Amino acid sequence: MATARSLLLLTVAGFCFCFCICRGEEVIMGIGDEMAAARGGDPPYCGNLRMAVEARNIIGWKTVPPQCADYVARYITGERYQRDADVVTNEAIAYAESLKLSGSGKEIWIFDVDETALSTLPYQTNHGFGAKPFDNASFLQYIAQGSAPALQATLRLYRRLLQLGIKPLFLTDRTEDQRAVTTNNLLQQGYCNWEKLVLQPVGLQTSTLAFKTGERQKLVSAGYVIVGNIGDQWNDIRGSPEGCRTFKFPNPMYYVD
Ligand SMILES: [Mg+2]
């Protein structure tokens, strides 16, 4: 997340029912959307956009469109987000419980940190839940506080993996100078034990996707078996070796390459 967020996307063009997507495609919304806007409710397409973002049909976007700011805020602070996260966790636990481990102690499960192990919602609450342009300075200040709460669904998965004998490993685009604060934050939130905490070198000039893919390759070369991999961004779970199975948490607030 400390890296630059690559962009494009969704600028509002003309009337409230028409979005311009970065590559020039336009999606003209129907009369129902106009009526919803007139009623003051969320445009129905906000749910469609969220779905498209999660499915990676829309990529490279920069901010949540203003018409959907309230929708995203309600989603991310409401029960639906928690239930969606629980569905992901339930599937991940069921998969982990089905595995027959080798006994080598080399099976690992990779966790992303922000919006996966830890939540930045306290920060997002004061910064528009993705509707405002990303401000790296204020975000770094939030990280430096070391007060990010755990995502409870992730903590549940983490604890079950420890019981099963699968070693958690954190792989994050936070940087090495954030190691101490990240370690303390994770410990304080109940993540008590992990195989490694892999952070980006300061000043690394590459995408998060390339960084994480390269680090996973190093782990495989060192003899680890990545049985699972979970994150809130597609760049957490794309790029070979991804892991035997990947799981994606919802995140409609921001996109990271
Ligand atoms: Mg993340």
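Every chain is numbered independently, its residues counted from 1 as its sequence is written. Residues qualify for local features only when their pLDDT is at least 70, as the model is predicted, and side-chain atom pairs are given and counted only at 80 or more; totals for whole chains, interfaces and linings, by contrast, use all residues.

Within an unreviewed UniProt entry, the label attached to the chain reads Acid phosphatase, and the organism entered is Oryza meyeriana var. granulata. UniProt positions are given in the numbering used here, feature names are shortened, and annotations may be inferred rather than shown by experiment. The Function (unreviewed entry) field of the UniProt record for the chain holds the comment "May function as somatic storage protein during early seedling development."

A count of helices and strands for the chain gives ten helices and eight strands. Per-residue burial for the chain yields a buried fraction of 37% across its 257 residues. C-beta atoms are placed from the backbone for every residue, and two residues are taken to be in contact when these atoms lie within 7 Å. Within the chain, residue pairs in contact and separated by at least 24 positions form 72% of the contacts whose partners lie at least 6 positions apart. A run of H or I in DSSP counts as a helix once it spans at least four residues, and a run of E counts as a strand once it spans at least two, with each numbered from the N terminus. Partly exposed residues are those whose C-beta has more than 12 but fewer than 20 other C-beta atoms within 10 Å; 20 or more makes a residue buried and 12 or fewer makes it exposed, with C-beta atoms placed from the backbone.

Moving on, we get to the pairing of strand S4 (residues 107-111). The element S4 is extensively covered by neighbouring structure, given that five of its five residues are classed as buried. The two faces of S4 match: Glu107, Trp109 and Phe111 on one face and Ile108 and Ile110 on the other face are all buried. Strand pairing is assigned whenever DSSP identifies at least 2 bridges connecting the two strands. With five bridges joining them, S4 and strand S7 (residues 225-231) adopt parallel strand pairing. The residue of S7 that forms the bridge with Glu107 is Val225.

Per-residue confidence from the predictor is reported as pLDDT, a score between 0 and 100. For the chain, mean pLDDT is 88; residues scoring 70 or higher make up 84% of the total. Under a pLDDT of 50 for its full length, residues 1-32 has, in the predicted model, 62 contacts with residues more than four places off or in other chains.

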